[in-house]
Amino acid sequence: MIFSQVIKTISLILLLLLNFHGLRAQTVAWGDLAQGEYQVGFNSFWAKDYSRSVIFEGDTLIRPLLINVWYPVKKDRNEALIAHGDYFDIESKKEGLDNISRKYIDYNLSVLAYELIGKEKHEFTAQENKYFNDFLAEKTLAQKDVRPASGRFPLVIYHQGYGASFEDNSILAQFLARNGYVVIGSSFFNANAEGLGIDGKGESVKDIAYLINYAAQLPHVDVSNIALMGHSGGAQASILAKCESQNAIKAVIAIETTQEIFGLSDSRWNNFTQPALVKQMHMDGALLGFTEHKAVFQLYDLMSRANRYYVTFPATLNHNEYISQGITANFLKRKLEDRSPEQLAAYNEDLSNYFKVNNYILNFLDWKLKNKPSSQASFLERNNSFPINYNNTIINHVPVGKLGIEPYVFKPNRSLSPRHLWQMVRSAQADSVVYYLDYFYDRDTDNPIYHELFAFALISELIEEKNIDIANRLYTFYKEKDIPVTKRFISLSNFSVMMRKKDYAKRCLTNLLKIDPDNNEAKTILNNLND
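Residues numbered from 1 in each chain as written. Predicted model: local features only at pLDDT ≥ 70, side-chain atom pairs only at ≥ 80, totals over all residues. Heavy atoms only, no water.

Caption draft 1: Structural detail: the overall build of the protein. Counting its secondary structure elements, the protein contains 18 helices and eleven strands. Taking 531 residues into account, the globule formula puts the C-alpha radius of gyration at 24 Å, and the protein, at 24 Å, falls close to it. Dimensions along the principal axes, computed over C-alpha positions, put the protein at roughly 70 × 65 × 50 Å. Put simply, the protein shows about 23200 Å² of open surface, and 51% of that area lies on carbon and sulfur atoms. (Helix = DSSP H or I, 4+ residues; strand = E, 2+ residues; numbered from the N terminus. Rg over C-alpha atoms; globule rule 2.2 N^0.38 Å. Areas by Shrake-Rupley, 256 points an atom, 1.4 Å probe, with all protein chains shown as cover.)

Here it is, written out as structure tokens:
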């Protein structure tokens, strides 16, 4: 036993040393994500949408769009590969674009520095600065401005999230290009471009339409097969664009909109959920959503004209680990903390999950845009057996015409799922909810229905719906089980104040006091906010 453990440890150390040796060329060994039928071409340039404008440094400009294109290239091309830092070679000498393009470079490099290292670039230590510059010098898989492979390829429009740099998921873009897709991204500015971040709403929707029209002019793009894809705020923008679009978009891939575990009454997402609901009848085709197991997909369930596929992961996969930038950040941060080889190896779990996400995306696109039946198998409805293993990936399918899941039927080995629980509190079975929660509490400890964030979301939604009685009973149950739902109400209120969302902060506290009227901490904070 001891001997086998020693061998295992030595093997692990040798593997890590081999990986460290390879760091001179690449921080992360992307493995299968570097494979495919094609090589990768890349080009970028600035375009102008003369139908719109932006305000930048007090001036009104014709709306500029940075257009980034990853595309398939024949395997026998042998041009030099660009470095990651070359993605930021986007300064434009065109009239009116020189200043905003330079500022956009600075903005994105600052965002990248913070995302990778966790602090502002001017705060870097010498070692942190070296790691950051080494990353910028790493070679990508892309060749600049080379001839596309012959043929016409499906189009994927990719939208980055709030506070992200435009190349935040470049590994996925390369992976799709290597497997026969043209991927186009952009800057997606606010109408007021002072901050240079993404809009994520109406302006992004118009930008996506512009990018599709641009792609229609390219001889190597098949605009009869289009998918929209985004992460976080970019996922929200992709859904809104599909709801607004007059184009024949066949699929939407929403990677962690951040709304999936909350109800439609949560006002933080009103500028996303409300427009989507108004025009949800336009959400047809296929919708693929990625997030964690706590999700209830209340918004998606109402989009009954779409074939919906929900892929959920354990909470160990954090929000930014769905994109390549987050994976790289985890690796660099663990290195900077000088972790042991065994601790550093935990990074491999993050990478493995990222591989899963990207392979699900490729199979989904191959199925929906290339009509490959062999790629369909990953998305057949699963997990009808109970108990569900919440330590694994779970996939559920909601077909066209359905508004949710089948009603819950109690069996001793069939615990409630998050979506069943949300459904049950609005049904004739509401009185049984606390009984079921208590019955399965010690039998299904990994179930996310016992997580304080899930409890907060459900109870808040019930209060907003004026269903105070069941909200009170749930709150009492969670408190008795020492699940810190009270702390979650207060911490989200404090966070909202920090984010300058004082109204939502007061809403959290007011809701808490409806079910816990003697909570002196909530009273004190609320009084201070009202002063």
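Caption draft 2: Highlighting the nonpolar core. Core analysis: the largest hydrophobic core is formed by 94 residues, its most contacted members being Ile184, Ile239, Leu421, Ile459, Leu474 and Tyr478. Sorting elements by how many residues they give to this core places helix α14 (residues 452-464) first, with nine residues. (Core = buried A, V, L, I, M, F, W, Y, C linked by side-chain atoms within 4.5 Å. Buried < 20%, exposed > 50% of the residue type's maximum accessible area, 1.4 Å probe, protein only.)

Caption draft 3: Looking closely at the environment of Asn78. Its place among the elements puts Asn78 in the loop between β2 (59-73) and β3 (81-83). Along the primary structure Asn78 and Gln143 are separated by 65 residues, whereas in three dimensions their C-alpha atoms are 8.5 Å apart.

Caption draft 4: Seen up close, a nonpolar patch on the surface. Taken together, Phe495, Met498 and Met499 make up a surface patch of nonpolar side chains, about 340 Å² in accessible area. Locating Met499 in the fold gives a position in the loop between α16 (485-498) and α17 (502-515). Classification of Met499 as partly exposed rests on a relative accessible area of 45%. (Patch = residues over 30% accessible without salt bridge, like charges linked within 9 Å, V, L, I, M, F, W, Y side chains within 5 Å. Salt bridge = Lys/Arg side-chain N within 4 Å of Asp/Glu carboxyl O.)

Caption draft 5: Structural context of the packing of aromatic side chains. Applying the stated criterion across every chain, the model contains 33 aromatic pairs. Each ring, one from Tyr408 and one from Tyr436, has its centre 5.4 Å from the other, and the planes form 70°; the classification is edge-to-face. Of this pair, Tyr408 sits in the loop between β11 (394-398) and α12 (418-424) while Tyr436 sits in helix α13 (residues 433-440); the two residues are 28 residues apart in sequence, bridging distant segments of the chain. Tyr436 shares its class with Tyr408; the two are buried. Here the aromatic residues Trp46, Phe88, Tyr104, Tyr107, Phe166 and Phe189 are joined through ring pairs into a cluster of three or more. The aromatic ring of Phe262 is capped on one face by Arg268, whose charged end is 4.6 Å from the ring centroid. Positioned over the ring face of Tyr439 is Arg443, at 3.8 Å from the centre of the ring. (Phe/Tyr/Trp six-rings, centres within 6.5 Å; stacked < 30°, edge-to-face > 60°. Lys NZ or Arg CZ within 6 Å of the ring centre and 35° of its normal.)

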